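# Structural characterization, general
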Amino acid sequence: MNLNTHGFYLEKLVLVGKTVEPALVNFKKGLNVIHGPSNTGKTYIFQCIQYLLGKSSIDKDMPEADKYDLAYLQIRTY
């Protein structure tokens, strides 16, 4: 079995709220690096992905996240 032809990758993380524009992070097949200054949401993106894949809670509380009611993770197979 060729491992390069069977699998999945994260394609998109979306957070939606009634009073804010959706927050969207697009990913591409392969390595994705999230970088930026401190306190801009990098850890929260990672924690959202963990939560949507089955973790029971998000460890870091972010007041900005209170605006969002729904999150989804789009996964693409190849």
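First, a word on scope: everything that follows refers to the structure included in this document. (Residues numbered from 1 in each chain as written. Predicted model: local features only at pLDDT ≥ 70, side-chain atom pairs only at ≥ 80, totals over all residues. Heavy atoms only, no water.)

A few words now on the environment of Tyr72. By the secondary structure assignment, Tyr72 is in strand β3 (residues 70-77). Accessibility expressed as a relative area gives 38% for Tyr72, which makes it partly exposed. Residue contacts for Tyr72: discarding those within four places in its chain leaves Lys12, Leu13, Val14 and Leu52. (Helix = DSSP H or I, 4+ residues; strand = E, 2+ residues; numbered from the N terminus. Buried < 20%, exposed > 50% of the residue type's maximum accessible area, 1.4 Å probe, protein only. Contact = heavy atoms within 4.5 Å.)

Relative to the helices and strands, Val20 resides in the loop between β1 (8-16) and β2 (23-26). The exposure class assigned to Val20 is partly exposed, which follows from its relative accessible area of 23%. Taking C-alpha positions, Val20 is 11 Å from Ala65, a pair spaced 45 residues apart along the chain. Apart from residues no more than four positions distant in its own chain, Val20 is found in contact with Lys67 and Tyr68.

Inspection of the entire model under this criterion finds 1 aromatic pair. Ring geometry for Tyr9 and Tyr78: centres 6.0 Å apart, planes at 40°, overall tilted. With a gap of 69 residues between them, Tyr9 in strand β1 and Tyr78 in the segment after β3 connect regions that are remote in the sequence. The cationic tip of Lys29 hangs over the ring face of Tyr78; the distance from NZ or CZ to the ring centre is 4.0 Å. (Phe/Tyr/Trp six-rings, centres within 6.5 Å; stacked < 30°, edge-to-face > 60°. Lys NZ or Arg CZ within 6 Å of the ring centre and 35° of its normal.)

What follows covers a nonpolar patch on the surface. A contiguous nonpolar patch, built from Phe8, Leu53 and Ile75 and spanning about 310 Å² of accessible area, is present on the exposed surface. Relative to the helices and strands, Leu53 resides in the loop between α1 (42-52) and β3. (Patch = residues over 30% accessible without salt bridge, like charges linked within 9 Å, V, L, I, M, F, W, Y side chains within 5 Å. Areas by Shrake-Rupley, 256 points an atom, 1.4 Å probe, with all protein chains shown as cover. Salt bridge = Lys/Arg side-chain N within 4 Å of Asp/Glu carboxyl O.)

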